[in-house]
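Read off the chains here:
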Amino acid sequence: MARWLAGRQWPVHPLTPGRKTPAANCEQCRGRSHEPSRCPCHERGLWCHGFHSATTDPALIDAWWSREPRAGVGVSCGPAHLVVLDVDAHAAQVPARDRLLPGIRIPEQVDLAGLASGFDTLALLAAYRQEPNPADDETTLRVRTPSGGLHIWYVNSEPAVRYRSSTGSSPRTALAWQVDVRAHGGYIVAPTTRTSAGLYAPLGAVRDPAPLPPWLAAELTRTGHVAPVSPVPGPRPHSRGTRHSRTGAVQALLQPLIETVRECAVHAEGTGFTEKLNRAAYTAGGLAGAGHLNQAQARQELAEAAHYARPHQNRRNETIIDAALSAGASRPFHPKGLA
């Protein structure tokens, strides 16, 4: 499956056998703080840092799965130009109606009795837009998850537009409650991967993602999923200003804390995950409150690290992050070297 997916130019990476989380980092990466996308292990052919290591190189793929034949397959959505709707069916308390479809007011006369999952909110969104329900879209690849959810795969036919990943429980960027978006900055479990919970099983006969429907593209744009295109960096100025030194100092302080969160992926429990995430987010909030850090960017990085370590509890992760960021921002601090 990994070779077949890579043949479609979809970069793949190994998942921990029996789980839907990326394979563990090497021992050096677990104890070293660095930017995952620039990890030197990638040049050595190692799979550290999950989707950051994803590749289409057949030789590397053969080496990885020869080393761990039981590994599942993850697909890095951004480089593959994929946008996947991850519809959850988890038992959870239904939020207030203004959180079900962000930005869309649901009048009180609309009967929401029986609404219980992402299947319901996605159907509601489609009904509001008078469009077909994506969960019933037989023209595209759909994959039933072991928990009863559904992955709906689409191809972004506008590569110049980059859609960002999100979780359906996010109070900031979300398409619908219990409907996650897997795009840039995320990965998706490949069909036929088996975990301890069961099989990711394709539905029907279609095995190719269809183009992202225009109405869904418009909804993703409306709900803040379009990531700004970074300008091409020019030559660095030779001035003696402090901007670059401050950025480096912030990274040196915050990145090790974020890395301790990511390292919790090695074990499902007993790692002090909540405490580590809370500490990282509180520190980020304090730095943001003092003007040393962009809080939105820090939140995104924290959310990615938390999802990497504990992908089963995105709503809880975001609750921890938002509370700690807010608490930290209320007590700005200027560490030595940043004042």
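For the structure given in this document, a descriptive report is provided here. (Residues numbered from 1 in each chain as written. Predicted model: local features only at pLDDT ≥ 70, side-chain atom pairs only at ≥ 80, totals over all residues. Heavy atoms only, no water.)

Some details on the packing of helix α7 (residues 273–289) against helix α8 (residues 295–309)
No. 1: Taken N-terminus to C-terminus, the directions of α7 and α8 make an angle of 170°; their axes are 10 Å apart at the nearest point. Considering the angle they form, α7 stands roughly antiparallel to α8. Counting all contacts with α7, which are made through F273, L277, A280, A281, A284 and A288, the residues of α8 involved are Q295, A298, L302, A306 and A309.
No. 2: Partitioning the contact of α7 with α8 into residue classes produces 10 nonpolar, one polar and no charged. (Axes fitted to C-alpha atoms, helices over the stretch in contact; angles between N-to-C directions. Helix = DSSP H or I, 4+ residues; strand = E, 2+ residues; numbered from the N terminus. Parallel < 35°, antiparallel > 145°, perpendicular 65-115°, else oblique. Contact = heavy atoms within 4.5 Å. Nonpolar A, V, L, I, M, F, W, Y, C, P; charged D, E, K, R; others polar.)

With respect to the layout of surface pockets
In this approach, a probe sized like a water molecule rolls over the atoms, and the result shows the empty space that is left.
No. 1: Of the volumes computed, that of the second largest pocket is approximately 600 Å³.
No. 2: Together, 35 residues line the second largest pocket, and K20, D88, H90, P311 and H312 are the ones closest to its centre.
No. 3: Of all the secondary structure elements, the ones that give two or more residues to the lining of the second largest pocket are β3 (82–87), β7 (179–182), β8 (187–189) and α9 (314–329).
No. 4: Across the lining of the second largest pocket, the residue classes tally to 12 nonpolar, 15 polar and eight charged. (1 Å grid on protein atoms, 1.4 Å probe; cavity = no way out; pocket = protein on both sides within 12 Å on 5 of 7 lines; lining within 4 Å. Points joined across faces, edges and corners; volume = space filled by probe spheres on them.)

Thoughts on the pairing of strand β2 (residues 72–76)
No. 1: Of all five residues that make up β2, five are buried, and the element is covered over most of its length.
No. 2: Side chains G72, G74 and S76 of β2 all project onto a buried face; the interleaved residues V73 and V75 project onto the opposite face, where all are buried too.
No. 3: Bridge analysis of strand β1 (residues 12–15) against β2 gives four bridges, and the strand direction is antiparallel. Opposite V12, over in β2, you have V75 as the bridge partner.
No. 4: Inspection of the sheet shows β2 paired to β8 by three bridges, in the antiparallel sense. Along β8, the bridge assignment pairs G74 with V189. (Buried < 20%, exposed > 50% of the residue type's maximum accessible area, 1.4 Å probe, protein only. Pairing = 2+ DSSP bridges.)

Quick look at the environment of T193
No. 1: Structurally, T193 is set in the loop between β8 and β9 (194–195).
No. 2: The class for T193 is buried, based on a relative accessible area of 5%.
No. 3: C-alpha separation for the pair T193 and L15, spaced 178 residues apart in sequence, amounts to 9.2 Å.
No. 4: Other than its neighbours up to four places away in sequence, T193 contacts L15, G72, V73, G198, L199 and Y200.
No. 5: Separated by 3.3 Å, the side chain of T193 and the backbone nitrogen of V73 make a polar contact.
No. 6: A distance of 3.1 Å separates a polar side-chain atom of T193 from the backbone oxygen of A190. (Polar contact = N/O pair within 3.5 Å; in protein donor to acceptor, adjacent residues only side chain to side chain.)

Things to note about α9
No. 1: Here α9 is 16 residues long and its end C-alpha atoms lie 22 Å apart, about the 22 Å a rise of 1.5 Å per residue gives.
No. 2: All of the buried residues in α9 are N314, N317, E318, I320, I321, D322, A324, L325 and G328.
No. 3: Looking at the packing, one finds that the buried side of α9 touches β7, α7 and α8. (Expected span 1.5 Å × (residues − 1).)

Digging into the sheet that holds β8
Within a sheet, adjacent strands bond to each other through the backbone by hydrogen bonds, running parallel or antiparallel.
No. 1: The strand order across the open sheet formed by three strands is β1-β2-β8, and the pairing between neighbours is antiparallel. The open sheet is flanked by β1 and β8, the only strands paired with a single partner. Neighbour to neighbour, the strand axes of the sheet diverge by 35° on average, direction disregarded.

Quick notes on the pattern of salt bridges
Side-chain pairs of opposite charge can arise where the charged atoms are in close proximity.
No. 1: Tallied over the entire structure, the rule returns 10 salt bridges.
No. 2: We note a salt bridge from R70 to E68, for which the minimum N-O separation is 3.1 Å.
No. 3: Residue E108 is joined to R97 by a salt bridge in which the shortest nitrogen-to-oxygen separation is 3.8 Å. Of this pair, E108 sits in the loop between β3 and α4 (118–128) while R97 sits in the loop between β3 and α4, placing them 11 residues apart in sequence.
No. 4: We classify E108 as exposed; its relative accessible area is 62%.
No. 5: In this structure R97 comes out as partly exposed when scored by relative accessible area, which is 21%.
No. 6: Linked through salt bridges whose partners overlap, the residues forming this network are D86, D180 and R182. (Salt bridge = Lys/Arg side-chain N within 4 Å of Asp/Glu carboxyl O.)

So, unusual backbone geometry
No. 1: The backbone of Q9 sits at a positive phi, close to 65°, despite the residue not being glycine.
No. 2: Mapped onto the secondary structure, Q9 falls in the loop between α1 (2–7) and β1.
No. 3: Q9 sits in the exposed class, given a relative accessible area of 53%.
No. 4: One non-glycine residue, T192, lies in the positive phi region at around 80°.
No. 5: Within the fold, T192 resides in the loop between β8 and β9.
No. 6: The class of T192 is partly exposed, set by a relative accessible area of 42%.

Overview of the packing of α7 against α9
No. 1: α9 packs onto α7 with a crossing angle of 40° between their chain directions and a minimal axis gap of 7 Å. In terms of axis orientation, α7 runs oblique to α9. The handedness of the crossing between α7 and α9 comes out as right-handed. Together, F273, T274, L277, N278, A281, Y282, A284, G285, G286 and G289 of α7 and R316, N317, I320, I321, A324, L325, A327, G328 and A329 of α9 make up the contact between the two elements.
No. 2: Partitioning the contact of α7 with α9 into residue classes produces 11 nonpolar, seven polar and one charged. (Left-handed = near helix turned anticlockwise from the far one by under 90°.)

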